[in-house]
Structure formats: C-alpha cells, structure tokens
Amino acid sequence: MSFLLIATIILVFVVVFQIAKASEYVSVLKGEEKSRAQNNRINAFLMLAFLVVGLIGVWWCNDLLYKKTLLPMTSASKEGMDIDKMLWITLAITGVVFVILQILLFTFVFRFQEKPNRKAFYFPHNNKLEVLWTVVPAIFLLVLVVFGLKYWFHMTGEAPKDAIEVEITGKQFNWIYRYPGHDGKFGKTYFKNIDENKSNPLGQLWDDPANQDDLVETSELHIPVNHPVKLIIHSRDVIHDVGLSQFRMKMDAVPGIPTTMWFTPQFTTEEMKKKTGNPDFVYEISCDQMCGPGHFGMRGIIVVDSEDDYKKWLDAQKPNYYAAFPEKAPGATPTPPPSTQDSSSVHRVTASIK
C-alpha cells in the first residue's frame, strides 16, 4: 500500500508537469495574450469547482471523524459542561463565518474574472467597511474571552469547603498522587529528601507528624463521583501539564510553583463504560507539555468510584510512612535485638571446650 501511494503521488506530479509543458507549447502557437486569457477563464472555473468540492470534503470529514472526537461524549465533570457550551458557541460562530467567507472568496474570483470589456474599480479606503470588519469580530472575540476568563477563574479559584484535596506530582515520565491522612493535612516535603530507594518519591519530612498518615499512590488516582475534587499540582523536574480531556480540564505542573484546579466528576468509570459502549474505557491523565523523550508514554489513570467504593479503597491503603519504615507498621514483627550472653555462660562454654 505504501509503494502504491508513493507511485500514485509521483504519477500525479508527472501528469501535472506534462500538462504545464503542453500549456507552454499551446501558448506559443496561439499567442501569449490569447493563451493567458484562456488560462484565466479556466482558473476562475476551477476556483468555483474547488469551492464545491472543498465544502463537500469538509462535510464528509466531519461526518467521518466526528464520532472519534470528544464532542459527542458528554463532559465527565459538571464544570466541563460550561467548557463544552463555550466550545459549541465558538464552533458555531467560526463555522458560519468560515462557510460565508469561503463562498464569497471563491464566488468573487469566478464572478469578477478579467474580461476585455470590464474595467476594474479601485478605491483606496472605506470607513464603513473598516469599522464593520474590525468592530464586529472584536465584539465576538470579546464575548468569547469573557466567557473563557469566567470559567478559568472558576476552575482555578477557591474550591468548595468540602472538596477532597489530592496532590499530583509529575516527573519524567509518570505521575505520583498523595492523599492527606485522617488529620486532613499534607505533611511537609523537601526536594533534597527525595529518594526512590527509600520509598520517599516526594521528599516527605518524616519528623512532621502530618506526614505519618499521608497516602502515596503511583498507579491510579481514585476520586469519588459527585464530590468536588481539588488537585494541587507539582513537578519534580521539568514543566509538565495535567491534561484531563474527558473532564475538559488542564493545568501546567511547574517546578517550584504549585498550581491548582478543581472539578466535580459526574459519572463513575463503570457508568462511562456503559455510556461509551467500551468495556475497556478509562479516564486518562495525559501530559500536554513536551517534557522529554518519554513524553508520549506519560499516561496516568483516574478511577472515579462511587462514594462507598471510594471509602473502601481509601481504608485499604497504608500510609507511605510504613513503606519507608516497615518495622513501625502495625502488626509488624519487631526486629529482635542482637543476642548477648552473660559472662558466666561464656566461661562455662570456654571450660567445656578446654
């Protein structure tokens, strides 16, 4: 198939080249001016044909690829519904403008083509036209920007008081999630304390009591449905970007500068499997910022649970403190102290040997 495609492209170029050479020979035989006028008429007709074929192509591509986009799938977050509304308004405005302008552009080329008895009308300036094509687009753009800023300030502003807070930290090339323990507080961290070999990927300070019940997860991010979730976003190395396409959210992860956003999931993972008809459906976290050679594989998974399932999952997790200090975990077998013998037993053993 690849060979056939390459051969077809080469053949098309050869045909176009031969047609061009034939046109040159015809122009020599007919005369340059007569040939130029004929080519002008042909080009004007081709522009009109290109308009029709192009609009049909746009409709066909939309009909073919629409189902593969995120547009037919409802936003998985309540806040994302507003983003979808803004997106549809933007597509409607730009779509109408696109179709009108393309029809005018190619129709004018055909209608006002060069003719021997037609003289071009020239005017250097028109105040009404200048105001029309400057003010009208500016008004539409201003409305869209205002909507965008409103939704942006909402999702990055103060989260509801009952929101669940989760830290998400990006590193080359995966995500690390941290949940506060029963005290509801995150422990302090220090980047120089980061040590993967000692089960401390975030640099937690173990002398801070708030750290001793924090949960650290690297495989999946679990969140409850119909409950506000606030993400506190960090980066361990370079700039990453938390992309939540199904939730219509995204936010940069910048080294040394925590960023935040919040949203409310409205469908569990199981519900989305049924809605999409895909038994393998998962919510994804993508890195939407080029971050290095492994950027393409920096993929995280979000599991949206029911309230009960989320509590069960949370109760089953163990604080990262016990991963760093397994001997302190509840029920751990204490390490026996080094065996010592009293002096009398040593003397008895020595005597028996002699």
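Calculation rules
Residues numbered from 1 in each chain as written. Predicted model: local features only at pLDDT ≥ 70, side-chain atom pairs only at ≥ 80, totals over all residues. Heavy atoms only, no water. Salt bridge = Lys/Arg side-chain N within 4 Å of Asp/Glu carboxyl O. Helix = DSSP H or I, 4+ residues; strand = E, 2+ residues; numbered from the N terminus. Buried < 20%, exposed > 50% of the residue type's maximum accessible area, 1.4 Å probe, protein only. Phe/Tyr/Trp six-rings, centres within 6.5 Å; stacked < 30°, edge-to-face > 60°. Lys NZ or Arg CZ within 6 Å of the ring centre and 35° of its normal. Contact = heavy atoms within 4.5 Å. Patch = residues over 30% accessible without salt bridge, like charges linked within 9 Å, V, L, I, M, F, W, Y side chains within 5 Å. Areas by Shrake-Rupley, 256 points an atom, 1.4 Å probe, with all protein chains shown as cover. Core = buried A, V, L, I, M, F, W, Y, C linked by side-chain atoms within 4.5 Å. Pairing = 2+ DSSP bridges. Axes fitted to C-alpha atoms, helices over the stretch in contact; angles between N-to-C directions.

1. Points about the pattern of salt bridges
One pass over the full model with this rule turns up 10 salt bridges. Note that D84 is salt-bridged to R248, the shortest N-O span being 2.6 Å. In this pair, D84 sits in helix α3 (residues 78-111) while R248 sits in the loop between β6 (240-244) and β7 (249-253), placing the two residues 164 residues apart along the sequence. Both residues of the pair, D84 and R248, belong to the buried class. When the shortest N-O distance is used, the salt bridge between R178 and E167 registers 3.0 Å. Here R178, found in strand β2 (residues 174-179), pairs with E167, found in strand β1 (residues 164-171); they are 11 residues apart in sequence, far enough to count as distant. By relative accessible area, R178 is classed as buried at 1%. Overlapping salt bridges bring together E167, R178 and D214 as one network.

2. Description of the packing of aromatic side chains
Overall, the coordinates contain 13 aromatic pairs when judged by the stated rule. Three or more aromatic residues joined by ring pairs make a cluster, and in this case those are W206, Y321, Y322 and F325. The ring of F267 has K275 lying over it, and the distance from NZ or CZ to the ring centre is 4.7 Å. Stacked on the ring of F325, the Lys or Arg K328 has its end atom at 4.9 Å from the ring centre.

3. Overview of the side chain of T268
Inspection of the secondary structure assignment puts T268 in the loop between β8 (259-263) and α5 (269-276). Setting aside anything within four residues of it in sequence, one finds T268 in contact with V225, Y283, V304, D305 and S306.

4. Describing unusual backbone geometry
Negative phi values dominate among residues other than glycine, just as trans dominates among peptide bonds. Following Q172, the chain continues into F173 via a peptide bond in cis, with omega recorded as 5°. On the secondary structure map, F173 appears in the loop between β1 and β2. With phi around 55°, N226 is a residue other than glycine that occupies positive phi space. Positioned with a positive phi, R248 is a non-glycine residue whose angle comes to about 65°.

5. Brief notes about a nonpolar patch on the surface
Judged by side-chain polarity, V96, V97, I100, L101, L104, F108 and F112 come together as a nonpolar surface patch covering roughly 650 Å² of accessible area. Along the polypeptide, L101 turns up in helix α3. The class of L101 is partly exposed, set by a relative accessible area of 49%.

6. A word on the nonpolar core
If you look at the biggest cluster of nonpolar residues, it comprises 36 residues, and the most contacted ones within it are L231 and L244. Residue contacts for L244: discarding those within four places in its chain leaves L231, M249, M261, F263, E284, I285 and I302.

7. Looking at the sheet that holds strand β10 (residues 299-305)
Sheets are built from strands paired through backbone hydrogen bonds, the pairs being either parallel or antiparallel. Pairing is mixed across the open sheet formed by 5 strands, whose spatial order is β4-β10-β9-β6-β7. Edge positions in the open sheet fall to β4 (220-224) and β7, since each of these has one partner strand only. Within the sheet, the average angular offset between the axes of one strand and its neighbour, ignoring direction, is 25°. Direction of pairing for strand β9 (residues 283-287) relative to β10: antiparallel, over a ladder of 4 bridges. Bridge pairing in β10 places Y283 opposite I302.

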